[in-house]
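Residues per chain are reported as follows:
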Amino acid sequence: WYGARSKGEIFYEDEFRKHHVSAITRDVWKYDAKTGKHTMLTSFKGEDRNPVLSSDETTVFFLSEESGNFNVHKFALDDPSQNQQLTYLKTHPVRFLSYGSGTMAFSYDGELYTLKDGAQPEKVDVIIRTQDGANADKFVAINAGVREMAISPNGKEIAFIARGEVFVTAVEGGLTKRLTDT
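What comes next is a walk through the structure. All of these numbers come straight from a predicted model, not from anything done at the bench.

Below, the discussion takes up the sheet that holds strand β18 (residues 176-178). What the four strands build is an open sheet, ordered β15-β16-β17-β18; its pairing is antiparallel. The open sheet has two edge strands, β15 (146-151) and β18, and neither has a second partner. Shown here is a sheet whose adjacent strand axes are inclined to one another by a mean of 20°, direction ignored. Where β15 meets strand β16 (residues 157-162), five bridges bridge the pair, whose relative direction is antiparallel. Bridging from a neighbouring strand, Met149 pairs with Phe160 of β16.

So, in structure tokens, the structure goes:
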């Protein structure tokens, strides 16, 4: 979110700020391209953010701080007033919600999780198996420090950033590939 307080002054809302309540906290909105109409779908005075639409486009999953901590919530697009909390994680906020082929993915406390609607979150074990000759048997465990992530459209892979490097791994486990070497 970017805005201006006065002429020439620009500010933004820090997405990592917690427990923020003000006129610039985010809500989930719907835009109708045919009519040009915007409709506000959430009204919690704190943050509602990162909406993702289900594959059948009937359900919106999003992150909300309504419970006191960012957790995954959902509502039916035809009845946004029936907000339902799906995760009940404490201490740390859920971040980087993504969706693909019936599976959500998110980070929590620096680790990756997947979630299917109606199930409990499952931690994704990430083990990096290098393939180059010099380090063919080297294993690197990523147990924390995930900063950003996104799930593929088919729901089978997750791309994430850890320790400043970009990795891709299968949701079902197996090979994790390091894409950058900085």
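Alright, that's what it looks like, and here's the rest.
Looking now at the pattern of salt bridges. Note on pairing: side chains with opposite charge can pair once their charged atoms come close. Taken as a whole and assessed by the stated rule, the structure comprises four salt bridges. In this structure, Glu47 and Arg49 form a salt bridge, with 3.1 Å as the shortest nitrogen-oxygen distance. For the pair Glu47 and Arg49, a shared accessibility class is recorded, and that class is buried. For Asp117, the salt bridge goes to Lys74, with nearest N and O atoms at 2.9 Å. Of the two residues, Asp117 sits in the loop between β11 (111-115) and β12 (122-123) while Lys74 sits in strand β7 (residues 71-76), which places them 43 residues apart along the sequence. Judged by its relative accessible area of 38%, Asp117 is partly exposed.

Conventions we followed
Residues numbered from 1 in each chain as written. Predicted model: local features only at pLDDT ≥ 70, side-chain atom pairs only at ≥ 80, totals over all residues. Heavy atoms only, no water. Pairing = 2+ DSSP bridges. Helix = DSSP H or I, 4+ residues; strand = E, 2+ residues; numbered from the N terminus. Axes fitted to C-alpha atoms, helices over the stretch in contact; angles between N-to-C directions. Salt bridge = Lys/Arg side-chain N within 4 Å of Asp/Glu carboxyl O. Buried < 20%, exposed > 50% of the residue type's maximum accessible area, 1.4 Å probe, protein only.

In short, shape yes, function no, at least from these values alone.
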